[in-house]
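Chain and residue survey
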Amino acid sequence: MDGSCANSDPSLLRFMCAELTRGYFLEHNEAKYTERRERVYTCMRIPGELERLMTFGFFLCLDAFLYVFTLLPLRTFLALLRFLTIPCCGLGANVCPYCNRSSGARLLQPAQVCDLLKGLIMILCFCMMHYVDYSMMYHLIRGQSVIKLYIIYNMLEVADRLFSSFGQDILDALYWTATEPKSRKRAHIGVIPHFFMAVCYVFLHAILIMVQASTLNVAFNSHNKSLLTIMMSNNFVEIKGSVFKKFEKNNLFQMSNSDIKERFTNYVLLLIVCLRNMEQFSWNSDHLWALCPDVLMVILSEMAVDVVKHAFITKFNDITADVYSEYKASLAFELISSRQQNAYTDYSDSVARRMGFIPLPLAVLLIRVVISCVKIQGALSTVCLLLFYLGLITLKVLNSIVLLGKSCKYVRQAEMEQKLFSKPPMATPSKSASKPSRSKSSGTPAATPKVERPVVSITKQPTPRAEIVTPAPSPVVKDAEPIVTPPMSPSPSEDATTPPDSPELKHRSPKKDLLEIDRFTICGNRIG
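Now for a description of the structure that goes with this document. (Residues numbered from 1 in each chain as written. Predicted model: local features only at pLDDT ≥ 70, side-chain atom pairs only at ≥ 80, totals over all residues. Heavy atoms only, no water.)

**Focus on the side chain of Thr179**
Looking at the secondary structure, you find Thr179 in helix H7 (residues 146-179). Of the residues examined, Thr179 reaches a relative accessible area of 5% and is grouped as buried. Within the structure, the side chain of Thr179 is placed 2.7 Å from the backbone oxygen of Tyr175, a separation counted as a polar contact. (Helix = DSSP H or I, 4+ residues; strand = E, 2+ residues; numbered from the N terminus. Buried < 20%, exposed > 50% of the residue type's maximum accessible area, 1.4 Å probe, protein only. Polar contact = N/O pair within 3.5 Å; in protein donor to acceptor, adjacent residues only side chain to side chain.)

Structure, rendered in structure tokens:
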């Protein structure tokens with residue numbers, strides 16, 4: 001107040017006058033209001049950044065899903081052809097006169113063994129699914145009450161995440177058991193038990209997804225749509241369970257991958273529901289238009305829930321919208337790494353580990369539903385089926401080319417190109433490689449890893465594991481035995497130079513963690 005007002009006696013009129021004419025300056029707390037404005041802008045950017053990530057992840061899942069229908073049968077056929085031509089090498093001959101292959105070498109490459117196993121699993125599970133009656137399951141679910149179906153649908157969602165978290169471990173155990181070098185000591189129960197475990201998993205997971213699709217189909221065909229409304233409102237309950245939790249960048253990345261997988265799975269479930277309904281109405285196009293409002297309601301509600309959830313998570317945890325560009329770059333990095341010469345896994349398996357999306361059970365169910373809905377009779381139907389298969393191959397190739405181009409762009413923008421060539425040599429033998437560098441001269445060993453690693457094209461086929469793994473242990477074992485203590489001393493000195501609270505360490509650690517997450521830690525965050 002002014003000095004004149006301060007000296008005068010207080011009164012209600014002077015108080016009202018002071019309240020009406022009192023001023024303040026927001027620039028006195030400029031940092032606070034600038035931060036609030038940036039938060040608003042971040043929330044406005046979240047829908048666009050999130051949908052870009054979701055679109056890129058959707059096409060990654062689509063590429064892995066189309067691989068099962070297009071390239072996997074061809075690769076399985078080539079592997080089977082190679083297996084059948086093995087007797088040309090003879091039993092007693094050291095070198096085959098036709099293929100110049102020594103009898104002591106590996107009969108099938110690891111990738112061919114994995115392709116044969118995937119093909120056998122698909123065939124066996126499809127034959128087993130042929131005895132499961134979809135119509136009986138539909139009418140059995142339809143006879144239940146609305147509340148019971150709502151509880152069943154929630155239980156199926158939880159069971160699907162649990163199956164996905166453990167399923168890829170079962171498949172990886174089978175692949176590694178079948179391709180493990182025979183010179184090592186046996187530490188497993190055998191290939192056949194692992195194979196039957198994988199078949200049982202894929203079959204049970206396919207039945208679980210079938211029950212989920214049947215429940216969604218019952219919700220679509222209900223008269224008052226009350227069950228569908230309750231099921232869609234269940235998505236908004238997910239907001240309460242995740243918005244008010246503490247999230248780091250890695251946790252948000254895992255949840256984003258889970259959302260991508262969930263959205264793609266919902267699209268496939270909607271496709272199955274539409275196919276079953278169109279078959280029941282003799283493929284009448286009018287009924288398809290009648291299903292469109294419900295399909296759009298499911299898709300839009302899922303998108304709205306994801307946008308609101310991610311917007312408030314980033315707001316409460318002070319995470320910028322640029323983090324989704326890092327997530328895209330991390331997914332793109334894995335895509336490019338799977339096409340390098342030192343690739344250690346198939347691309348579809350890499351997507352399964354990252355996102356929890358396992359395409360085998362979903363592909364088995366979709367083949368079962370399509371064969372039951374579409375009747376193939378006559379030569380014309382066979383020709384149409386062949387043309388459809390060629391169209392799927394074309395779509396798969398075009399999708400892979402576009403994804404590869406986008407991935408190179410994202411990796412280049414994130415300045416992660418050098419990690420494609422520098423990270424693999426320093427993954428496990430980093431400590432052992434540093435030992436000879438200190439025992440010898442200081443200048444020469446620094447250049448040796450760069451000379452040994454050639455720059456290869458990202459579209460080149462991976463070399464067989466027999467050419468990479470066998471020569472690798474020899475320098476590690478020889479140099480690792482005589483020198484044991486020196487490599488442990490410089491490591492704390494290097495850590496001591498950088499304090500644990502330095503901003504550089506905090507800035508680098510999230511990116512490193514994003515590239516190393518390949519396990520299913522999604523379920524603990526999503527179910528809790």
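Continuing now.
**Considerations on H7**
Given 3.6 residues to a turn, an α-helix orients residues that are three or four positions apart in the same direction. Between the first and last C-alpha of H7 there are 49 Å, a value that for 34 residues agrees with the 50 Å anticipated at 1.5 Å per step. The sharpest bend along H7 comes to roughly 25°, located at Phe166. (Expected span 1.5 Å × (residues − 1). Bend = angle between axes of the 7 residues up to and from the residue.)

**Some thoughts on the packing of aromatic side chains**
Tallied over the entire structure, the rule returns 13 aromatic pairs. Centre to centre, the rings of Phe195 and Phe196 are 6.1 Å apart; their planes meet at 70°, and the pair counts as edge-to-face. The class for Phe195 is buried, based on a relative accessible area of 13%. Seen in terms of ring centroids, Phe264 and Phe357 are 5.1 Å apart; in terms of plane orientation they differ by 80°. Their pairing is edge-to-face. In this pair, Phe264 sits in helix H10 (residues 249-280) while Phe357 sits in the loop between helix H13 (347-355) and helix H14 (359-373), placing the two residues 93 residues apart along the sequence. Note on accessibility: Phe264 and Phe357 belong to one class, buried. Taking NZ or CZ as reference, Lys32 lies 5.8 Å from the ring centre of Tyr33, over its face. (Phe/Tyr/Trp six-rings, centres within 6.5 Å; stacked < 30°, edge-to-face > 60°. Lys NZ or Arg CZ within 6 Å of the ring centre and 35° of its normal.)

**Side note on the packing of helix H3 (residues 30-69) against helix H4 (residues 71-84)**
The contact between H3 and H4 brings their axes to 3 Å, and the two run at 45°. Taken as axis vectors, H3 and H4 run oblique relative to one another. Side by side, H3 and H4 meet where Leu66, Tyr67, Val68 and Phe69 of the first sit next to Leu71, Leu72, Pro73 and Arg75 of the second. Of the residues that constitute the contact of H3 with H4, the class distribution is seven nonpolar, no polar and one charged. (Axes fitted to C-alpha atoms, helices over the stretch in contact; angles between N-to-C directions. Parallel < 35°, antiparallel > 145°, perpendicular 65-115°, else oblique. Contact = heavy atoms within 4.5 Å. Nonpolar A, V, L, I, M, F, W, Y, C, P; charged D, E, K, R; others polar.)

**Regarding unusual backbone geometry**
Residues other than glycine predominantly adopt negative phi, and peptide bonds predominantly adopt the trans conformation. One non-glycine residue, Ser282, adopts positive backbone phi at about 55°. Note that Ser282 resides in the loop between H10 and helix H11 (285-316). Non-glycine residue Glu415 carries a positive phi angle of around 55°. Mapped onto the secondary structure, Glu415 falls in the loop between helix H15 (378-413) and helix H16 (419-422). Since its relative accessible area comes to 71%, Glu415 is described here as exposed.

**Examining the pattern of salt bridges**
Counted under the stated rule, the structure contains 16 salt bridges. Ionic pairing is found between Arg22 and Glu19, a salt bridge with its closest N-O pair at 3.9 Å. You can call Arg22 exposed: its relative accessible area is 55%. Residues Lys261 and Asp160 are paired through a salt bridge, measuring 2.9 Å at the closest nitrogen-oxygen approach. Of this pair, Lys261 sits in helix H10 while Asp160 is found in helix H7, placing the two residues 101 residues apart along the sequence. Taking the relative accessible area as the measure of exposure, Lys261 reaches 10% and is therefore buried. A relative accessible area of 8% means that Asp160 is categorised as buried. (Salt bridge = Lys/Arg side-chain N within 4 Å of Asp/Glu carboxyl O.)

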